[in-house]
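# Working through the structure, step by step
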Amino acid sequence: MTTGIAVVGECMLQLGELQPGDDPNALNATLSYGGDTLNTALYLARLGASTDYVTGLGDDSMSDWMLSRWRHENIGCELVERLPGGVPGMYLIELDEQGERSFKYWRKGSPASRLFDDPDRAQQLYSRLLAFPNLYLSGITLALYKGEALTSFLAFLNEYAQGSGKVFFDGNYRPSLWATPAAALEVFRQVYAITEVALPTLDDETLVTGIAEPERVIEQLHRWGVNEVALKMGGEGCLVSHDSLRQQVPAQSTRIVDTTSAGDSFNAAYIAARLGGQSPADSAARGNRLAAVVIQHRGAVIAADLMPF
């Protein structure tokens with residue numbers, strides 16, 4: 001696969017984390033940033049992939065700060081649109097006793113959600129994206145756009161895939177962002193139909209499709225048009241399927257502190273390895289290895305010196 005990848009989505013300001021037993025009224029917020037696609041873009045860049053992030057930001061000081069941090073991580077920001085008067089969305093993470101997280105969002109009307117609202121701006125971005133050999137997005141990306149903006153983005157994805165572009169897609173289903181699972185599935189199926197590599201999570205696919213068996217999930221995605229699948233299954237590892245290969249790659253046993261960005265980091269390591277010419281199984285092993293390190297630490301992004309490779 002040709003290297004170089006554009007990542008489309010939203011990064012928000014993180015207000016902090018609530019640990020089990022914390023009093024929300026006493027929250028001592030430490031401002032940071034995150035978002036599923038940004039996390040993947042950051043880890044891709046750290047792993048040596050030429051990575052550009054595609055999103056909308058405001059013209060405020062917090063947007064300036066986020067851009068400076070992304071550039072420090074060697075993420076290309078030429079396709080970040082600055083929308084006058086806008087400010088980034090925000091979110092809060094709540095962790096349970098097992099380290100599993102839930103999110104509260106304040107993102108309605110954010111610059112990223114309005115990225116493709118203006119048809120002229122959208123067409124300019126689409127023209128520039130056609131130059132990238134690879135493109136990554138998630139179900140959260142798709143949930144950002146409404147009405148004509150979503151329609152135009154889906155049309156662009158079809159044009160992109162009909163050319164030489166390869167689409168990498170993680171459904172990453174968030175029920176709060178969709179009216180119903182069926183509404184999400186209707187959009188997801190359109191993207192799966194033109195996806196080269198799908199990186200779904202079993203729990204998400206079960207919520208959206210009603211299918212709980214890993215093998216059946218894989219078979220359904222192939223029927224919808226996906227060429228290669230790396231199905232993430234938490235502690236059960238990953239099931240990869242490509243051509244005649246169907247192989248389960250075990251997860252690495254480790255202490256779980258915070259599962260935030262486990263899937264995002266897996267996706268980055270898998271994609272970087274595939275772009276570097278490694279097999280699906282070897283790529284999944286690298287994804288499991290990076291995710292195992294990430295979940296031992298709080299927050300979505302570990303320190304650079306903790307990267308395992």
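Criteria and thresholds
Residue indices begin from 1 for each chain and proceed along its sequence in written order. With pLDDT at 70 or above as the cut-off, local features in this predicted model cover only qualifying residues; side-chain atom pairs require 80 or more to be listed or tallied, and sums for whole chains, interfaces and linings still use all residues. For the side-chain quantities, the full set of heavy atoms in the structure was used; hydrogens and water were omitted. To count toward a patch, a residue needs a relative accessible area above 30% and no salt bridge. Like charges then connect within 9 Å, nonpolar side chains (Val, Leu, Ile, Met, Phe, Trp, Tyr) within 5 Å. To be clear on the numbers: accessible area is Shrake-Rupley with a 1.4 Å probe, and residue cover counts the displayed protein chains and nothing else. Every case where a carboxyl oxygen of Asp or Glu lies within 4 Å of a side-chain nitrogen of Lys or Arg is listed as a salt bridge. Neither His nor the chain ends contribute to the count of charged residues, in which Lys and Arg are positive and Asp and Glu negative. For the purpose of locating charges, the reference atoms are NZ of Lys, CZ of Arg, CG of Asp and CD of Glu. For the purposes of this entry, the term helix denotes a DSSP run of H or I that reaches at least four residues, the term strand denotes a run of E that reaches at least two, and both are numbered from the N terminus. Cavities and pockets are found on a 1 Å grid laid over the protein atoms alone: a cavity is a set of points where a 1.4 Å probe fits but cannot escape, a pocket is an open set with protein on both sides within 12 Å along at least five of seven lines, and a lining residue has an atom within 4 Å of such a point. Grid points are joined across faces, edges and corners, and a volume is the space filled by probe spheres set on the points. To define a nonpolar core, start from buried Ala, Val, Leu, Ile, Met, Phe, Trp, Tyr and Cys residues and group those joined through side-chain atoms within 4.5 Å. Partly exposed describes any residue whose relative accessible area lies between the buried limit of under 20% and the exposed limit of over 50%, with all areas from a 1.4 Å probe on protein chains only and scaled to the type maximum. Any two residues whose heavy atoms approach within 4.5 Å are treated as being in contact. Strands are treated as partners if at least two bridges between them are detected by DSSP. Here, axes are lines fitted to C-alpha atoms. For helices the fit covers the stretch in contact, and angles between N-to-C directions go from 0 to 180 degrees. Oblique is the label for any angle not under 35 degrees, not over 145, and not in the 65 to 115 range, which are roughly parallel, roughly antiparallel and roughly perpendicular in turn. Two helices that cross are described as forming a left-handed crossing if the nearer one is turned anticlockwise from the farther one by less than a right angle, and a right-handed crossing if clockwise. Working definition: the arc comes from the directions between the helix axis and the C-beta atoms, pointing outward to the latter. The definition of a polar contact used here is a pair of N or O atoms within 3.5 Å, where within protein one atom must be able to donate a hydrogen and the other to accept one, and adjacent residues in sequence count solely through side-chain atom pairs.

What follows concerns a negative patch on the surface. On the surface, a cluster of negative charge is made up of D96, E97, E100 and D203. Relative to the elements of secondary structure, E100 occurs in the loop between β6 (90-95) and β7 (101-106).

Under the counting rule described, the total for this entry stands at one cavity of 30 Å³ or more. Taken as a whole, the largest cavity encloses approximately 160 Å³ of empty space. Lining the largest cavity are 17 residues, and of these G35, D36, N39, F103 and Y105 lie nearest its centre. Within the residue set of the lining of the largest cavity, elements represented by two or more residues are α1 (36-46) and β7.

General note: in soluble globular proteins, nonpolar side chains tend to be found buried as a group. Judged by nonpolar contacts, the single largest core of 51 residues is most densely connected at F116, L142, Y145, F153, L157, W178 and F188. The element contributing the most residues to this core is helix α5 (residues 147-162), with seven residues. Ignoring sequence-local partners within four residues, the contact set of L157 consists of L135, L137, V191 and I194. Within the second largest apolar cluster, 43 residues are counted, among which are I5, L38, L199 and A269.

Covered by surrounding structure in strand β1 (residues 5-8) are I5 and V7 together with A6 and V8, the residues of both alternating faces. The pairing of β1 with strand β4 (residues 51-57) spans four bridges and is classified as parallel. Within the sheet, the bridge partner assigned to I5 lies in β4 and is T51. The sheet contact formed by β1 and strand β8 (residues 134-138) spans three bridges and is parallel. Bridge pairing in β8 links I5 to N134.

Read across the open sheet, the nine strands follow the order β5-β4-β1-β8-β9-β10-β11-β12-β13; overall the sheet is mixed. The open sheet terminates on both sides in strands that have one partner only, identified here as β5 (80-82) and β13 (245-249). The sheet contact formed by β8 and strand β9 (residues 166-170) spans five bridges and is parallel. Looking across to β9, one finds that N134 is bridged to K166. Lying over the sheet, α1 contacts β1, β4 and β8, oriented at roughly 150 degrees with respect to β4.

Running from amino to carboxyl end, α5 crosses helix α6 (residues 181-192) at an angle of 20 degrees, the nearest separation of the two axes being 10 Å. As the angle between them shows, α5 and α6 are arranged roughly parallel. For the pair α5 and α6, the crossing hand works out as left-handed. The residues of α6 that touch α5, namely those facing L150, L154 and L157, are V187, Q190 and V191.

The next subject is helix α7 (residues 202-209). Structurally, the α-helix is built with 3.6 residues per turn, so residues lying three or four positions apart point the same way. All of the buried residues in α7 are L202, D204, E205 and V208. Buried residues along α7 cover an arc of 160 degrees about the axis, so they all sit on one side. If you follow the buried residues of α7, they end up packed against α6, α8 (214-224) and β11 (228-232). Of the residues one or two after α7, G210 is the one with positive phi, at around 85 degrees.

This part covers the side chain of T51. Locating T51 in the fold gives a position in strand β4. There is a polar contact of 2.9 Å between the side chain of T51 and the backbone oxygen of A49.

Further remarks concern the pairing of β11. For β11, the tally of buried residues reaches five of five residues, placing the bulk of the element in the interior. The pairing of strand β10 (residues 197-198) with β11 spans two bridges and is classified as parallel. If you follow A198 over to β11, its bridge partner there is V229. Pairing geometry for β11 and strand β12 (residues 238-242), over five bridges, is antiparallel. Bridging across to β12, A230 finds its partner in V240. Turn length for the β11-β12 hairpin, with the two strands adjacent in sequence and antiparallel, is five residues, and the turn residue G234 shows positive phi of about 60 degrees.

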